[in-house]
Amino acid sequence: MKEPVALTFVPFLGTIKNHMHRVSFLFIGAGILLQAQNADLILINGKILTVDPKDSIAEAVAISSGKIIAVGSNQDVKKLAAKNAQVIDLHGRTATPGLIDSHCHFQEAAVLYDVEVSDPSIKQIADVLKRVEEKVASLKPGQWVRGSGWDEGKFAELRYIYSSDLDRVAPDNPVWLEHTTGHYGVANSAAMKLAGLTRETKDPPAGTIDRDANGQPTGVLKESAQDLVRHLIPPYTHEQQRNGLLRIMSDFNKEGMTAVKNPGIVAADWDLYRELLAEHKLTVRIFALWLGGTTVQSTREALKHIAVLPKPPQSFDGLLLSGGVKIFMDGSGGARTAWMHDEWNKNSTGKDTGNRGYPNTNPEVYREMVRMIHDAGVHVSTHAIGDRAIDWVVDTYAQVLQEKATKGLRHGIIHRNTPTDHAIDTLARLQKECDAGYPELQAPFTWWIGDNYAGNLGPERALRLIPLKTFLAKGILWAGGSDYPVTPYPARYGIWASIERKTLKGVYGSQPFGTAESVDVHVALRSYTAWAARQLFLEDKIGSIEVGKEADIAVWDRDLYSMPSDEIQNLKCELTLLGGRVVYQAK
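Residues numbered from 1 in each chain as written. Predicted model: local features only at pLDDT ≥ 70, side-chain atom pairs only at ≥ 80, totals over all residues. Heavy atoms only, no water.

Take the sheet that holds strand 13 (residues 145–150) next. Either a parallel or an antiparallel arrangement is found when strands of a sheet pair, and the pairing is made through backbone hydrogen bonds. One open sheet accounts for six strands, arranged 12-13-14-15-17-16; its pairing is mixed. Two strands in the sheet have a free side with no partner beyond their single neighbour: strand 12 (115–116) and strand 16 (207–211). Note: strand 14 (residues 175–179) against strand 15 (residues 184–187), three bridges, orientation antiparallel. If you follow W176 over to strand 15, its bridge partner there is A187. (Pairing = 2+ DSSP bridges. Helix = DSSP H or I, 4+ residues; strand = E, 2+ residues; numbered from the N terminus.)

In structure tokens:
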């Protein structure tokens, strides 16, 4: 097998005459408009997947001052190169628009400073305990051990980690291990003692303390019950947060990713973004949703921050947008706390008797929060996983839009895992009539936490999980995402999962969600580019390789459109451009 030819960066050596006398407009290739302008950077000899409305494929791209000025054949693009233009010879490689994550908790401080227990080498609870034990060995008694990423669906035991497990390796250090979903976690006895958590402690509103058969807390805390322990853990320092943000931007760029919608920020996050923007260190476009909390007052506070900032698509240097508000309707499919019409399953065919989950926010209060945000002319995205929660959210959006028909706010529904037929039909209508009601969903749920989900949904409901084909048939657009750290953020996984719908372990079969709701690679790529750009209000600037847009471009080692779909998860990015600037180049 021949070694692949490296990307070639060379100055343009051709002679271009009569620059000032070019025809003002030219048509090349499949009718792509060119403006008379000299390019300072051109990409040639590639397969350019433009993701434009016609899904055009080209050979070359011309870029001037970070913007695309031509897309077409090598011959025509070369004519636009300035004498000192840089030429990147792709040697047949495939280029796409920079990939976009429409829902990612954009921070890797936990990767740098916590016990990481999410990687595939963690196969059983003993593997988690070994890492906790190693961390304890580096600490003094009483110092906190913080970790994240575990998922009982990946353990051989197929059960939660309990305080009794952690106590064996950390008797003198408080421990908190967050589940990969972020909606539950486990504390050891030392942590529960600090929190004053005992058998007599009652479940807080919208929270669950898991208990054994004798009523004793097991250490597993769900939803708001997590705060009984989490408020005691020392927060990350400013420097740790800064390092975590720099790390995730670099890692995004390595995956051909150039934009993100980051939900649930607070003032300190925004200040950090502004700090790095001023230092010219932002290498990912950030669309930030402010945390709206669970009360009218907390939503009012979020709107105060938003009121003094430009509304999208206005931005700070095209890199930072204050986008709107994120609020919650329910919990997690992993924790079986999401608000459902019917009881949750356990272990696929069993029943979690009496458990239909619950709303995280009082439904009537939630409706008033949405009305307040909508009336302010602000975009809102709501976390809704259970089918009953989704129904409440779409009906709320329909109600406030009927009361005040402000079109174009593109209110989103985050996750939207198992929608009813009513919810699907309502969203189709809202998108068509009001430019609102857009799923911001995560196809990798079927993979990374798919074994957990398959067990909790049961065989019948599992087939409705993330129904992409139905959305497509109904004319519903959606934006792809990862929900990192719930699933890994590389968008190639999301493109692959949209097609294959395979679980990581195959505990209940490799495809318990079926393939009837799969889409093809063209649609999957569009959901992580052009459609995702719409939910960042940046569809006129990014999301496709077209004249006039920012040159956010990713170059790959293989062609997504022709390679076997099951191999898309193994794509490797070789070059990433942000506004025509190289932000990543493979060595």
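Attention now moves to the sheet that holds strand 29 (residues 581–585). Spatially, the six strands line up as an open sheet ordered 6-5-10-27-28-29, and their pairing is mixed. In the strand order of this sheet, the two ends are held by strand 6 (57–58) and strand 29, each with one partner.

By the definition in use, this model includes 17 aromatic pairs. Ring geometry for W270 and F316: centres 5.8 Å apart, planes at 70°, overall edge-to-face. Linking W270 in helix 8 (residues 267–278) with F316 in the loop between helix 9 (296–307) and strand 20 (320–328), this pair joins segments that are 46 residues apart in sequence. By the burial criterion, W270 is buried, and F316 matches it. With 5.0 Å between their ring centres and 55° between their planes, W447 and W448 make a pair best called tilted. (Phe/Tyr/Trp six-rings, centres within 6.5 Å; stacked < 30°, edge-to-face > 60°. Buried < 20%, exposed > 50% of the residue type's maximum accessible area, 1.4 Å probe, protein only.)

Next up on the list: the side chain of T50. Residue placement: T50 occurs in the loop between strand 5 (47–49) and strand 6. Note on T50: relative accessible area 1%, which makes it buried. Residues within four places of T50 in sequence aside, it is in contact with D55, S56, V71, P97, S544 and I545. (Contact = heavy atoms within 4.5 Å.)

Contact geometry for helix 11 (residues 387–403) and helix 12 (residues 421–434): axes closest at 9 Å, N-to-C directions at 30°. The angle between helix 11 and helix 12 places the two elements in the roughly parallel class. Crossing hand, helix 11 versus helix 12: left-handed. Of the residues in helix 12, those touching helix 11 at I390, D391, V394, D395, Y397, A398 and L401 are H422, A423, T426, L427, R429, L430 and C434. Residues of the contact of helix 11 with helix 12, tallied by class, amount to nine nonpolar, two polar and three charged. (Axes fitted to C-alpha atoms, helices over the stretch in contact; angles between N-to-C directions. Parallel < 35°, antiparallel > 145°, perpendicular 65-115°, else oblique. Left-handed = near helix turned anticlockwise from the far one by under 90°. Nonpolar A, V, L, I, M, F, W, Y, C, P; charged D, E, K, R; others polar.)

Moving on, we come to the pairing of strand 18 (residues 257–265). In terms of residue burial, strand 18 counts as a mostly covered element, since eight of its nine residues are buried. Bridge count for strand 18 against strand 19 (residues 285–291) is five bridges, and the pairing is parallel. Across the sheet, V260 pairs through a bridge with I286, a residue of strand 19. Following the chain from strand 18 across helix 8 to the adjacent parallel strand 19, one finds a crossover that is right-handed. (Right-handed = clockwise from strand over helix to strand, strands pointing away.)

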